[in-house]
Amino acid sequence: MDALPSFWKGIVQVIVKDTYVLIPVILASCVLCTILPLTEKNLLALFVLTKDRYQAWCYLLSGPSIIQDGYDKSDGQPYEVFAPDSRYLFVSSPKHIKELDSAPDTVLSLQAASKQMLQPRYTMHGFNWFDRRGTEGVGFVRALRTMLTNNLPQLLPDLGVMIRARFAEIHMEHPLVSGKRHSPVYPMIVKLTVLTNAFSFFGKDLAKNEEFLKYALAYIEDTIVCAEIMRVLPSFIAPAIGSIIASRLQSHKVIFNALLPVAEERCRQRDLALAGQAVPQHADCIQWIMQTSPKDNPWTPKRIVHELMAIWFGSVHALSTTITFAIQDLCMHSDYVEPLRKELEGAQYTEFEKTSRGLPLLDSFIRESARLTPVESQSTRRCALQPFTLSDGSKLNVGDWACTPVRAIMQDPRHYPSPLDFNGFRFADPAILDPETSSKFRFPQPSPSRLIDANETYHVWGTGRMACPGRYYAAAVMKVILAQIIVNYDCDLVHSDDSRWITWRSSMIPKGSTKVVFIPRNQ
Ligand code: HEM
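Residues numbered from 1 in each chain as written. Predicted model: local features only at pLDDT ≥ 70, side-chain atom pairs only at ≥ 80, totals over all residues.

**Digging into the overall build of the protein chain**
Of regular secondary structure, the protein chain possesses 21 helices and 13 strands. Within the span of the protein chain, comprising 523 residues, buried residues form 40% of the whole. Restricting the contact set of the protein chain to residue pairs at least 6 apart, pairs at least 24 apart contribute 71%. (Helix = DSSP H or I, 4+ residues; strand = E, 2+ residues; numbered from the N terminus. Buried ≥ 20, exposed ≤ 12 C-beta atoms within 10 Å, placed from the backbone. Contact = placed C-beta atoms within 7 Å.)

Have a look at this one:
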């Protein structure tokens, strides 16, 4: 809640009050009592219904612990969890996960699950998002997975300079308390991520446009809150309320209107190029999304902007959350700072800027932080568009979701020895450290792995053929931002014992009130 702007805070506070949970349940019980004869069977059915609905609403506030509880009791078998708007079937065995991954997109759909989560009709300027993935092509995967990743060596040096300067500016805005600046770390990192992504996706002109950046940030917050309101409303009233909220939200209109003329100009240049004329070259997401749209039915400027808005949301939220938790881990585990600095101050960083790969110690540190505090406890979401049955007989009805309990799997001692201990170099090869340094740390995994690896026991990026195509970019940006902090500042949490996050559904969101003291090293 701390992470939300004040207008939305009020609304969310009202929604999550216990009364809101109980009133519909009590009213439904009263109605049923009056229309059904009070037999023992009916009373039992009523009790079960009331309990199930109560538990479904509890999921909103206690999702991660409900998912963990189900995992602990399931012994590797699929188990169900109810939310107010969905039934989730959690699967964790490699065999069942493979079955999800192999199901056709017309049966189990990531796109339909994302549509339910983000409510693009109301939050993305009326985006008519198809349930079935690939209906209008999946060019965006190549745009992000290949073109954006290949462009990283051109981006990284500029990003480093820009992040360093902007971080210092934002830092100076924070109040001095007993001679030290107390920085609210989550809002600070969200601002930096917005700037970084705007530069990488849309180029330096839009990244310099303060008004655009302000609304690009507000758009993330508005989307989260508006989509949540839509999801908990009864379906008969949702379209009316949704239209009212959408008409009052400024951010999605401003973003749409800022991107539309750029997309129109790019489409005009595309047509000129097809007619054999010379046109300017561009290397940004607007261009790549346009280029990878279906050849036989190229996207209109409006369709390109809708796609960019969807990618924009996905790119800022998870990225800023993961970086924030990694900074907090850096504060709490300061023994890692020295070897990390050594890695970052040497030739390895120059090589990283040239290739976008490497920095294995920082890579492992971020992977370990995301393992213990993943932004999501639910991954690999697939909404059933048709009934589906797993090999053990577990059924998904139309509208149910299949998913994986990512946090529970990543904290399972069968996959991760000492699962609740933070071992920042857990995923690194001990041989890359000198023996004296390596003796100070533990390397409990049997073999090293990389931050971008998506495998059977690490679902932060999803799994299988739909694993996040933005993860190469995300990993590189996380390294640039953290490198700037590690090299230029000593950092410490102001109240290290306070809780650092809130949960909503299956998400863990850093508290906006958590403060970090960043002391410039050159002071
Ligand atoms: C730490 C940051 C990020 C995390 C944890 C993350 C996580 C995920 C996850 C869990 C999925 C679903 C995969 C599945 O269900 O199998 C996903 C999909 C996706 N992500 Fe990311 N992501 C991150 C950053 C990004 C960034 C920066 C971009 C854009 C540059 C991006 C673009 C996408 C897209 C477009 C999809 C949909 C893929 C498809 O439909 O095939 N993500 N991401």
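**With respect to the sheet that holds strand β9 (residues 401–404)**
Read from one edge of the open sheet, five strands run β1-β2-β9-β6-β3, paired in mixed fashion. Either end of the sheet is taken by a strand with one partner, and the two such strands are β1 (79–83) and β3 (108–109). Note that β1 and strand β2 (residues 86–90) share five bridges and pair antiparallel. Directly across from tyrosine 79, in β2, lies its bridge partner phenylalanine 90. (Pairing = 2+ DSSP bridges.)

**Points about the site of the ligand**
Near the ligand there are 26 residues, and of these Ser315, Ala318, Gly462, Cys468 and Gly470 occur at the shortest range. Those elements giving two or more residues to the shell around the ligand turn out to be α7 (139–150), α15 (301–332), β6 (379–384) and α21 (471–488). Here the element with the most residues in the shell around the ligand is α15; it accounts for six residues. By residue class, the composition of the shell around the ligand is 16 nonpolar, eight polar and two charged. (Near = placed C-beta within 6 Å. Nonpolar A, V, L, I, M, F, W, Y, C, P; charged D, E, K, R; others polar.)

**Regarding the sheet that holds strand β5 (residues 180–184)**
Across the sheet, four strands lie side by side as β4-β5-β13-β10; this open sheet has antiparallel pairing. The sheet is open, and its two edges are formed by β4 (176–177) and β10 (489–493), each paired on a single side. Against the sheet, helix α9 (residues 185–202) engages β5 and β13 (515–520), with an angle of about 70° to β5. (Axes fitted to C-alpha atoms, helices over the stretch in contact; angles between N-to-C directions.)

**Side note on the UniProt feature "binding site: heme" (unreviewed entry) in the protein chain**
If you check UniProt for "binding site: heme" (unreviewed entry), the listed places come out as Cys468 in our numbering. Tracing the backbone shows cysteine 468 in the loop between α20 (435–438) and α21. Look past the residues within four positions of cysteine 468 in its chain and what remains in contact with it is Trp461 and Gly462. (UniProt positions renumbered as here; feature names shortened; annotations may be inferred.)

**Quick look at helix α16 (residues 337–345)**
For α16, every residue scored as buried is listed here: Pro339, Leu340 and Glu343. Seen end-on, α16 carries its buried residues on one side only, within an arc spanning 100°. Along α16, the residues that are exposed and aim more than 90 degrees away from the buried face are Glu338 and Glu345. Buried positions along α16 lie against α17 (347–355), α18 (360–372), α20 and α21. (Arc of directions from axis to C-beta.)

**Some remarks on the packing of helix α8 (residues 152–172) against α21**
For the pair α8 and α21, interaxial distance at closest approach is 10 Å and the crossing angle is 40°. Taken together, the axes of α8 and α21 lie oblique to each other. Once α8 is placed against α21, the crossing between them reads as right-handed. In this structure, α8 contributes Leu152, Leu156, Leu159, Gly160, Ile163, Arg164 and Phe167 to the contact, and α21 contributes Tyr473, Ala476, Val480, Ile481, Gln484 and Asn488. (Parallel < 35°, antiparallel > 145°, perpendicular 65-115°, else oblique. Left-handed = near helix turned anticlockwise from the far one by under 90°.)

**With respect to helix α4 (residues 94–102)**
If you check which residues of α4 are buried, you get His96, Ile97 and Leu100. Looking straight down α4, one finds that the buried residues subtend no more than 100° of arc, so they occupy a single side. Exposed residues lying more than 90 degrees from the buried face of α4 are Lys95 and Ser102. Structurally, α4 contributes buried residues whose contacts are with β3, β6 and β9.

**Points about the environment of isoleucine 220**
Within the secondary structure, isoleucine 220 sits in helix α11 (residues 210–232). Among the residues examined, isoleucine 220 registers 19 C-beta atoms within 10 Å and is labelled partly exposed. Taking the C-alpha atoms as reference points, isoleucine 220 and phenylalanine 313, 93 residues apart in sequence, are found 5.8 Å from one another. Beyond its immediate sequence surroundings of up to four residues, isoleucine 220 is in contact with Phe313, Val316 and His317.

**As for the nonpolar core**
Membership of the largest hydrophobic core comes to 130 residues, with the highest contact counts inside it found for Cys285, Leu308, Met309, Met478 and Leu482. Among all residues touching leucine 482, those that are not within four sequence positions of it are Ile323, Ala326, Leu362 and Ile366. (Core = buried A, V, L, I, M, F, W, Y, C linked by C-beta atoms within 7 Å.)

**Examining the packing of α16 against α21**
Contact geometry for α16 and α21: axes closest at 9 Å, N-to-C directions at 110°. With respect to α21, the axis of α16 lies roughly perpendicular. With respect to the hand of their crossing, α16 and α21 are arranged in left-handed fashion. Packed against α16, whose contacting residues are Val337, Leu340, Arg341, Leu344 and Glu345, the element α21 presents Ala483, Ile486 and Val487 at the interface.

**Some remarks on unusual backbone geometry**
Even without glycine at this site, serine 418 takes up a positive phi of about 45°. Looking at where serine 418 falls in the secondary structure, it is placed in the loop between α19 (406–410) and α20. Looking at serine 418, the number of C-beta atoms within 10 Å reads 11, which means it is exposed. Of note, the phi angle at arginine 505 is positive, near 50°, even though the residue is not glycine.

**Some points on the pairing of β6**
In terms of burial, β6 is largely enclosed, as six of its six residues are buried. Examined bridge by bridge, β3 and β6 share two bridges and lie antiparallel to one another. By the bridge assignment, serine 109 is partnered in β6 with cysteine 383. One ladder, built from three bridges, connects β6 with β9; its direction is antiparallel. For serine 379, the partnering residue across the bridge sits in β9 and is threonine 404.

**Overview of the environment of alanine 347**
Relative to the helices and strands, alanine 347 is located in helix α17. Alanine 347 sits in the exposed class, given 7 other C-beta atoms within 10 Å. In this structure, the C-alpha to C-alpha distance between alanine 347 and leucine 213, residues 134 residues apart in sequence, is 34 Å.

**Comments concerning the environment of glutamine 154**
Looking at where glutamine 154 falls in the secondary structure, it is placed in helix α8. What makes glutamine 154 exposed here is the crowd of 11 C-beta atoms within 10 Å. Here the alpha-carbon distance between glutamine 154 and lysine 354, two residues 200 residues apart in the chain, equals 8.0 Å.

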